[in-house]
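Structural overview
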Amino acid sequence: MIKQIFIHAFCLTLLFVYTFAYPSKTFSDERKAISPPPDLSEQTQVCIICHKNYTPGIVEDWLRSRHSKTTPERALKKPALERRISSEIIPESLQTVAVGCYECHSQNPSAHKDNFEHFGFKINVIVSPNDCKICHSAEADQYSVSKKAYALDNLQKNPQYHSLVEAIVSTKEIQDDKIIHLNASDSAKAESCYACHGTRVTVLGMKKISSGMGDIYVPDLTNWPNQGVGRINPDESRGSCTSCHPRHSFSIEIARKPYTCSQCHIEPDVPAFNIYHESKHGNIFSSNQHEWNWNNVPWRVGKDFQAPTCATCHNSLIATPDSKVIVPRTHDFGARLWVRIFGLIYSHPQPKDGRTYSIKNKEGQSLPTSLTGELASEYLIDENEQMRRQTEMKKVCQGCHSTDWANKHFDRLNDTIVETDKMVSSATQLLLKAWKEGLADASNPFDEEIEHLWIRQWLFYANSVRYASAMEGPDYAAFKNGWWELTTTLNKIRDLIQTKRK
Amino acid sequence: MIKQIFIHAFCLTLLFVYTFAYPSKTFSDERKAISPPPDLSEQTQVCIICHKNYTPGIVEDWLRSRHSKTTPERALKKPALERRISSEIIPESLQTVAVGCYECHSQNPSAHKDNFEHFGFKINVIVSPNDCKICHSAEADQYSVSKKAYALDNLQKNPQYHSLVEAIVSTKEIQDDKIIHLNASDSAKAESCYACHGTRVTVLGMKKISSGMGDIYVPDLTNWPNQGVGRINPDESRGSCTSCHPRHSFSIEIARKPYTCSQCHIEPDVPAFNIYHESKHGNIFSSNQHEWNWNNVPWRVGKDFQAPTCATCHNSLIATPDSKVIVPRTHDFGARLWVRIFGLIYSHPQPKDGRTYSIKNKEGQSLPTSLTGELASEYLIDENEQMRRQTEMKKVCQGCHSTDWANKHFDRLNDTIVETDKMVSSATQLLLKAWKEGLADASNPFDEEIEHLWIRQWLFYANSVRYASAMEGPDYAAFKNGWWELTTTLNKIRDLIQTKRK
Amino acid sequence: MIKQIFIHAFCLTLLFVYTFAYPSKTFSDERKAISPPPDLSEQTQVCIICHKNYTPGIVEDWLRSRHSKTTPERALKKPALERRISSEIIPESLQTVAVGCYECHSQNPSAHKDNFEHFGFKINVIVSPNDCKICHSAEADQYSVSKKAYALDNLQKNPQYHSLVEAIVSTKEIQDDKIIHLNASDSAKAESCYACHGTRVTVLGMKKISSGMGDIYVPDLTNWPNQGVGRINPDESRGSCTSCHPRHSFSIEIARKPYTCSQCHIEPDVPAFNIYHESKHGNIFSSNQHEWNWNNVPWRVGKDFQAPTCATCHNSLIATPDSKVIVPRTHDFGARLWVRIFGLIYSHPQPKDGRTYSIKNKEGQSLPTSLTGELASEYLIDENEQMRRQTEMKKVCQGCHSTDWANKHFDRLNDTIVETDKMVSSATQLLLKAWKEGLADASNPFDEEIEHLWIRQWLFYANSVRYASAMEGPDYAAFKNGWWELTTTLNKIRDLIQTKRK
């Protein structure tokens, strides 16, 4: 109790000092261009007093953000198309102050198992999508049903993918000439698969740590830090907005640039960034991005940007130069996709539901197709929905390309989907024969050399060719993880079977 | 006939509306800095009225271009060294208007099988090098005899390379444990090899498509879209200026940046961009490019740029800071090259003629050397011409490096050419022995594992070491596709032969 | 003698011409913003007269540099924290002129075997760290004891690493079905390993070359050009400041950007740049670098930069936004490192001394651990020093991250070090067994397929996972040279042993 009083006194003193000495600097420096700079809540002012000394990078990052330079009230006055917040109604207490430390880190405390008292304030360690939802409701809702939101569940709850994860990231020991797989550790998973897919962050209790302020008590979190897209937060929400809007600048510019997506969508399994980078779109981006308007909402084709980035095609609100909507914003990143070119093991229509672990193929596996290619159709969108989404995507293409051009581009993609699936089928036929003949053991489909070659075939090479087709990056269709590897690896699988037979 | 009248009436109406309502915006916005902004032809004004709505990205891209901001007449008044057009005489009808839609898309209609009537105008779908030649005659002429112009023919008409293409990009089926190669599809070739090398675009007739303007008729093109460097156009010309000057901005900045070349010159087979990126030149480019003058003509060493890009060494007009010419511009991209370090299968003096499919080695194959390394000398430039070109290239180096430095750099390259060719020779000796002993089948030299290893040796690894030598990117000489792979792959070839003998 | 007089007369004429005609241009153009522009020494003025014509790129590069725009005298007047020179006392003759050609290229002539007379001046070809030390003494001293300074010795004088170099970069011939290793050539080594590690540059005498000025005499240097970090210079000093501060602009901006480090620290063996590029830090750098202050000293977290680059964590002077020092500058790039995650063959505490060739493990090999993992502890820093350095590094992290976050990040790294070392141990156990059973020949541990697989395991894959852990680049922990390759390669080693047994 005495400690509590002490802390409150301490904070009040800081607040007093701050009120008379500090604001001039903060306001005059980063935020002086804003007239008038928005007020900060009293709580946020106190946060900044300490954190300006203990984590100054965060404070400066926030000072660059739009959150520090406006208020929800001002944001709501913008024309609808220019708004970056989608909620129509925002609690009065938040309306007239900048969106500061306390405004974000204090929401929904009862849901947050990571809520704790920190120098007199009850705050959450983690700001979750459910907290951001107060102002960004449409985005949070769209995201919450997407495959991204379930990215962790979709690995963990799917027996096939779970086995693959364990087979790869487990430490192996040698015992009597045999390779023994130990259990994959939390660290190994957190740094590899789950860095992108997300971890489940739980609260074990409180713990004492030695910080710059002396010993303090903080929640003891498991699987932390993590910013994966499917993170399960201590309030049970899914996702991490900072995956793409890092970290306290919440910059739309960063999210629109392909470097953000490249954190996870990178070769060899998902070579989206690599292919974009070598495509003509990527060339124009790399060469001319310095002249573009990265912050405009809506994002106007030709005017604000000359060539698409990942965000342009997959989720941004895109408009004509005179601000007529071409496609609306979405934070379900699969919403404009009709086919999933990321083969598991074959390409397939997009799943109806973000929870792909619930899919069952005819053999009862959690896969969108059987090993011989039959679709688990009841879990996948139908042709009408596919056509609707393709039409939506084509609208983006047609901002710069003729109808015929766009049609023919997608015709080629269709051909390539058929051909690469056939290449996967050829490899799978060989593997099924090897399993049948006892040349390999099907009980774990991910731990022998022939199985590793087969995995490369669908996960690395067929995917690379399809992504290369979708985004026109020719080397990934040819020599770099493309047809060259599809061809030589198929030979290797056949040769390995022949050798094993002898 | 009634339709014709209707279309003309429609266009006149648009023109009327445009004259009174539209120009103020177009001119005032993107082109207002130009005083006075050049006139647009009446035809181009009509194009823009519709395309501003249907493909606004193209219109905005063009508004950024120099084409929209000047006229040939004004361009001709520039001092010769600063001119971006090389033709001395330009048709009067084109002289006093901006280089707009109609000016480019209406040229040489009788040669263009893709010419068609489009809302009252006879236009070509494709603007070919022969059209650009009206103003850029020297560039079109230089390009027309280069290896790039014949990049498609050089793949298709060369039996060896044609076999390689077919072996790689064909879909494979399994029949009775055998891998059956189907024919490589047009889509697969268009997205891989021909994406860079170019396709042959032919016109099948007219077809109806459903566009934003309703049903319209357009030429039915084969192998379209494509922007490969050796594209054969519907007017029988070769090449696609937009390969390097994308798309309607025709920016010299984009063409001068290495990202343009990286669309095709990328690892594993042609790792020019990757090596440049990790070289000191590439470092300086990546770090400081934002301070350079990317648009100056002539391009002045030290003043406009601090380190060379691909264009600096291979084709730009380079001058001293006080604008004395160091090397003239060329659009034959091999014109400053004395040796072809891209081994086929060995490095060799540059071919005399861009049509490399006409080369015959002593065994009658369309290869610049025999498999044992003898040059097909009559098709290759002689030592005098080699020396002349090396001297030309060294002039660029000597903008920043001493004579001794440049000499020693090229001495090392010479050593490396000898050594890597010897490594290819060692691998080839092993393959020839395997063929002779019946351990592999020479009838198709590109479809067995030992052959795939041999291809890697000359196409990926020896090339990487030579490019790394030429541009000083040490990792591609060492562990990344360099000596490491040359060494380990040679071991694998030997081991495979020993295994097959047993 | 007559020649000497002629040259001096020539130079005086040039100087006369220069004094009246030249300065206005030089000063008015690049340096006009400086008021007043510093004087140039008479010698430097003469250098520029010729080199402006013969190597204009160098002159322009220097004109961009701080060296051309200030003097040591002015630099010494800056507040200590803002100074870019660390020497307190600088010779009077250098104090009041710009740091020009002659000021750098004429120092310590008696130590420089590459000193020669060049148009009347005695100059050195190479400016060595010992010359730069006149003004930058702390940096030169720190560097001189670092592993970088001994990077060449550490390859050449270490029998194990020397064998590895020779095994890889030597040309191989086929004789009677055997692969014969020739000696690795100076060119091959200079372009691969020694391009980063440095060469030994010696002076054979003088030689005549044909330059733009006619025939001139210059020192005949061996193993030149080279800018490797461990270069042994003709004055016996070690290093090359231009490795990271290229070339005559000496830009702090270039040295701070990750592209500089990427010249050598790149996949597959040292994938630092690649992992940084795909990390969140790298994303923020790539997306927002254009808004940062790359030239400020001290470098202020949050204010000047939002996310760290290589330099931030490893060597820059980092301060808070209000310029309180977080960590001091160091040019011993290992000074903040407690563990060497670059496994040789296992990770290990940082060596005490930059001369790692003097380390001996218990088997007497120059390796920091035995093949079975025991540390050569007497050559490695102890736990106290490890803790001290980790605390130093964490200070940088804590500029933006909470104490708990930083702690947990390094906890994971510790786990990963243990697990990847165990994976290396498993591979090594298999290799030792193969050697013991005569399935491979231990006399050269680097020239057989099973040994190549083993090298990949520790040099490429275990390293990639550790670097990915340290910098949070998940794909290099997973599919790209990470756990996937560690797992599949271990299988291959086991399978190869089983095949060889049969």
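For the structure, check the block above.
This text gives an overview of the structure that appears in the document. As the structure is a computational prediction, the values presented were derived from the model and not from experiment.

Each helix and strand in chain A was counted, giving 23 helices and eleven strands. A compact globule built from 502 residues would reach a C-alpha radius of gyration of about 23 Å, and chain A, at 26 Å, matches this within 12%. Dimensions of chain A, computed from the C-alpha atoms along their principal axes, are close to 85 × 65 × 40 Å. Split into buried and exposed, the 502 residues of chain A put 62% on the buried side. Total accessible area computed for chain A in this model is approximately 19,800 Å², and 55% of it derives from carbon and sulfur atoms.

Another aspect to go through is the packing of helix α3 (residues 42-54) of chain A against helix α4 (residues 56-64) of chain A. Working note: a packed helix pair is described by the angle between its axes plus the distance between those axes. All names here are of chain A. In contact at an axis separation of 5 Å, α3 and α4 are set at 120° when each is read in the N-to-C sense. As summarised for this structure, α3 and α4 are arranged oblique, according to the angle between their axes. Residues Ile48, His51, Lys52, Asn53 and Tyr54 of α3 touch α4, and the partners they reach there are Pro56, Val59 and Trp62. Among the residues forming the contact of α3 with α4, the class breakdown is five nonpolar, two polar and one charged.

Time to look at the relation of the copies chain A and chain C. Aligned on chain C, chain A shows an RMSD of 0.0 Å; the corresponding rotation is 120° and the shift along the axis is 0.0 Å. Here the copies are linked by what is in effect a three-fold axis. Of the C-alpha atoms belonging to chain A, the one lying closest to the rotation axis is found on His290 of chain A, 4.8 Å away.

Let us now look at unusual backbone geometry. For the peptide bond that leads from Val297 of chain A to Pro298 of chain A, omega is 0°, which places it in the cis range. Structurally, Pro298 of chain A is set in the loop between α17 (280-288) and β7 (299-300). The phi torsion at Asn223 of chain B lies on the positive side, around 55°, for a residue other than glycine. Mapping Asn223 of chain B onto the fold places it in the loop between β6 (214-221) and α14 (252-256).

A few words now on the interface of chain B and chain C. At the junction of the two partners, chain B supplies 59 residues and chain C supplies 68 residues. Together, the buried faces of chain B and chain C total about 5,700 Å²; carbon and sulfur atoms form 52% of this surface. The three residues of chain B that bury the most area against chain C are Lys280, Arg412 and Trp484 of chain B, which together make up 13% of that side's buried surface. Taken together, the connections running from chain B to chain C amount to eight salt bridges. Run the count over chain B and chain C and you get 28 residue pairs in polar contact (both at pLDDT 80 or more). Counting only elements with at least two residues in the side of chain B that touches chain C, the list comes to α16 (272-278), α17 (280-288), α20 (403-436), α22 (474-477) and α23 (483-501) of chain B. Ranked by residue count, the leading element in the side of chain B that touches chain C is α20 of chain B, at 16 residues.

Here is what the cut-offs are and how they apply
Residues numbered from 1 in each chain as written. Chains lettered and ligands numbered in written order. Predicted model: local features only at pLDDT ≥ 70, side-chain atom pairs only at ≥ 80, totals over all residues. Heavy atoms only, no water. Helix = DSSP H or I, 4+ residues; strand = E, 2+ residues; numbered from the N terminus. Rg over C-alpha atoms; globule rule 2.2 N^0.38 Å. Buried < 20%, exposed > 50% of the residue type's maximum accessible area, 1.4 Å probe, protein only. Areas by Shrake-Rupley, 256 points an atom, 1.4 Å probe, with all protein chains shown as cover. Axes fitted to C-alpha atoms, helices over the stretch in contact; angles between N-to-C directions. Parallel < 35°, antiparallel > 145°, perpendicular 65-115°, else oblique. Contact = heavy atoms within 4.5 Å. Nonpolar A, V, L, I, M, F, W, Y, C, P; charged D, E, K, R; others polar. Least-squares fit on C-alpha atoms with pLDDT ≥ 70 in both. Buried area = accessible area lost by both parts, 1.4 Å probe. Salt bridge = Lys/Arg side-chain N within 4 Å of Asp/Glu carboxyl O. Polar contact = N/O pair within 3.5 Å; in protein donor to acceptor, adjacent residues only side chain to side chain.

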